[in-house]
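A closer look at the structure
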Amino acid sequence: MDIISFYTVDESARVYIANTKKLVNDAFKIHKTTPVVTAAFGRTLTAATIMGSMMKNETDLLTITIKGDGPLGGIVTTANNGAEVKGYVYNNYVDIPLKPNGKLDVSKAVGSGTISITKDIGLKTPISGMVPLTTSEIAEDITYYYAKSEQIPTAVSLGVLVDIDYTVKEAGGFIIELLPNAKEIFINNLENTIKNLPSITNMLLNKDDIIKMLFENNSVIKHGEIEPKFYCNCNREKTEKALIAIGKKELNEILVEDKKAIMHCYFCKKDYVFNDEDLKSLIFQI
């Protein structure tokens, strides 16, 4: 259940392989998603947690936002370099027919739209890029983002296998970034290998050695290993600050009209309830 990172000995590529079954299953349980939403959401969570773990500093944050005109509406995921990720979907209940091959139709659920990736690395303004969705299957869209927005040749594979009881049977993915040292023969061999690979979920189910399947004739050096988790860092203190930021006038109106305030976290579905005494205390602090 880890993200494992590798570098090829000849410094042609860096590779991240993730098994995200537990975190995607945790997300399914929290958000109560239908299978096609679980697949789309799980792929995006997997991508975010891998890309987050690729960032340098503990305070760095990466956010993937997908907006489409399909019934799912959109997806938001945020991850840090500790492989902690959280997210939500605009519509957790989407029920559409399967593809002719019997697979979940993620592309139709998402629809046409955009994918944006924002990196907050402590600068005054976060770094952000946006590209159109090319297939709305998530992996290909992130590959396109890397090529167009960051000019980094990258291979991305993401997969979620939903069981008959709607739980997550397997989930994971890999991201391979080509480094400046990569030679054409290496790139061609890698492209041919990836074309002939089984799905990432099949490889994970069969406990295949994915690294050997990817780089049969190239040595690799393990760089690190980290456990991905669905984790929301919301708490009551942060929620209080958000309420204070509303302002005294607005809080007084809530106190008079509703006698309480309920703050809902979209990421973990937790509700924070502030009764009249709580509101009076917050108003006093302003």
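In case you missed it, the structure is sitting above this.
Presented here is an overview of the structure given in this document. (Residues numbered from 1 in each chain as written. Predicted model: local features only at pLDDT ≥ 70, side-chain atom pairs only at ≥ 80, totals over all residues. Heavy atoms only, no water.)

Moving on: the nonpolar core. Within the largest apolar cluster, 50 residues are counted, with the highest numbers of intra-cluster contacts made by Met51, Ile64, Ile66, Leu72 and Ile142. If one sorts the elements of this core by residue count, helix H2 (residues 35-53) sits on top with 10 residues. Setting aside anything within four residues of it in sequence, one finds Ile64 in contact with Thr44, Ala47, Ala48, Met51, Ile75, Val76, Thr77, Ile115, Ser116, Ile117 and Ile142. Among the nonpolar cores identified, the runner-up in size contains 19 residues, and Ala13, Phe174, Ile176 and Ala182 belong to it. (Core = buried A, V, L, I, M, F, W, Y, C linked by side-chain atoms within 4.5 Å. Buried < 20%, exposed > 50% of the residue type's maximum accessible area, 1.4 Å probe, protein only. Helix = DSSP H or I, 4+ residues; strand = E, 2+ residues; numbered from the N terminus. Contact = heavy atoms within 4.5 Å.)

Counted residue by residue, strand E9 (residues 168-178) has 10 buried out of 11 residues, so it is predominantly covered. Summarising the sheet, strand E2 (residues 13-19) and E9 pair through 7 bridges and their orientation is antiparallel. Residue Ile17 lies in a different strand from E9, and its bridge partner there is Phe174. Where strand E8 (residues 154-162) lies against E9, 9 bridges are found, and the strand directions are antiparallel. By the bridge assignment for E9, Gly159 is matched with Gly172. (Pairing = 2+ DSSP bridges.)

Their axes nearest at 10 Å, the elements helix H1 (residues 21-31) and H2 cross at an angle of 130°. As the angle between them shows, H1 and H2 are arranged oblique. The two elements H1 and H2 cross, and the hand of that crossing is right-handed. In this structure, H1 uses Leu23, Val24, Ala27, Phe28 and His31 to contact H2, whose residues at the interface are Thr38, Phe41, Gly42, Leu45, Thr46 and Thr49. (Axes fitted to C-alpha atoms, helices over the stretch in contact; angles between N-to-C directions. Parallel < 35°, antiparallel > 145°, perpendicular 65-115°, else oblique. Left-handed = near helix turned anticlockwise from the far one by under 90°.)

Now for the sheet that holds strand E11 (residues 229-230). Across the sheet, which stays open at both edges, the 6 strands sit in the order E7-E6-E3-E4-E5-E11 with mixed pairing between neighbours. Only two strands of the sheet have a single neighbouring strand rather than two, namely strand E7 (127-132) and E11. As paired elements, strand E5 (residues 84-89) and E11 share 2 bridges and run parallel to each other. Across the sheet, residue Val85 finds its bridge partner in E11, namely Phe230. Along the sheet, H2 contacts strand E3 (61-68), strand E4 (74-80), E5, strand E6 (113-120) and E11; its crossing angle with E4, the most-contacted strand, is approximately 30°.

Its place among the elements puts Val162 in strand E8. Using a relative accessible area of 17% as the deciding quantity, one classes Val162 as buried. Taking the C-alpha atoms as reference points, Val162 and Thr38, separated by 124 residues in sequence, lie 7.6 Å from one another. Those residues in contact with Val162 that sit more than four places away from it in its chain are Pro35, Thr38, Leu104, Thr167 and Lys169.

This part is about the side chain of Glu177. If you trace the backbone, Glu177 turns up in strand E9. Judged by its relative accessible area of 7%, Glu177 is buried. Here Arg14 takes part through its side chain, which lies 2.9 Å from a polar atom of the side chain of Glu177. (Polar contact = N/O pair within 3.5 Å; in protein donor to acceptor, adjacent residues only side chain to side chain.)

By the element assignment, Arg14 lies in strand E2. Along the chain, Arg14 and His223 lie 209 residues apart, while their C-alpha atoms are 9.2 Å from each other. Sequence-distant contacts of Arg14, that is, excluding residues within four places in its chain, are made with Phe6, Tyr7, Met54, Ile175, Ile176, Glu177 and Leu179. A distance of 3.2 Å separates a polar atom in the side chain of Arg14 from a polar atom in the side chain of Tyr16.

Think of a ball as big as a water molecule: rolled over the atoms, this probe shows where empty space is left. Its volume calculated, the largest pocket comes out at about 800 Å³. Together, 29 residues line the largest pocket, and Arg43, Lys103, Leu158, Gly159 and Ser199 are the ones closest to its centre. Those elements giving two or more residues to the lining of the largest pocket turn out to be H2, helix H4 (139-150), E8, helix H5 (184-195) and helix H6 (200-205). Per-element tally for the lining of the largest pocket: the top contributor is E8, with 8 residues. The residue inventory of the lining of the largest pocket, partitioned by class, reads 16 nonpolar, 7 polar and 6 charged. Estimates place the volume of the second largest pocket at around 410 Å³. Lining the second largest pocket are 20 residues, with Arg14, Met54, Met55, Lys56 and Lys119 positioned closest to its centre. Contributing elements (two or more residues each) for the lining of the second largest pocket: E6, E7 and H4. Among the elements that make up the lining of the second largest pocket, the one with the highest residue count is H4 (4 residues). Broken down by class, the residue content of the lining of the second largest pocket amounts to 10 nonpolar, 4 polar and 6 charged. (1 Å grid on protein atoms, 1.4 Å probe; cavity = no way out; pocket = protein on both sides within 12 Å on 5 of 7 lines; lining within 4 Å. Points joined across faces, edges and corners; volume = space filled by probe spheres on them. Nonpolar A, V, L, I, M, F, W, Y, C, P; charged D, E, K, R; others polar.)

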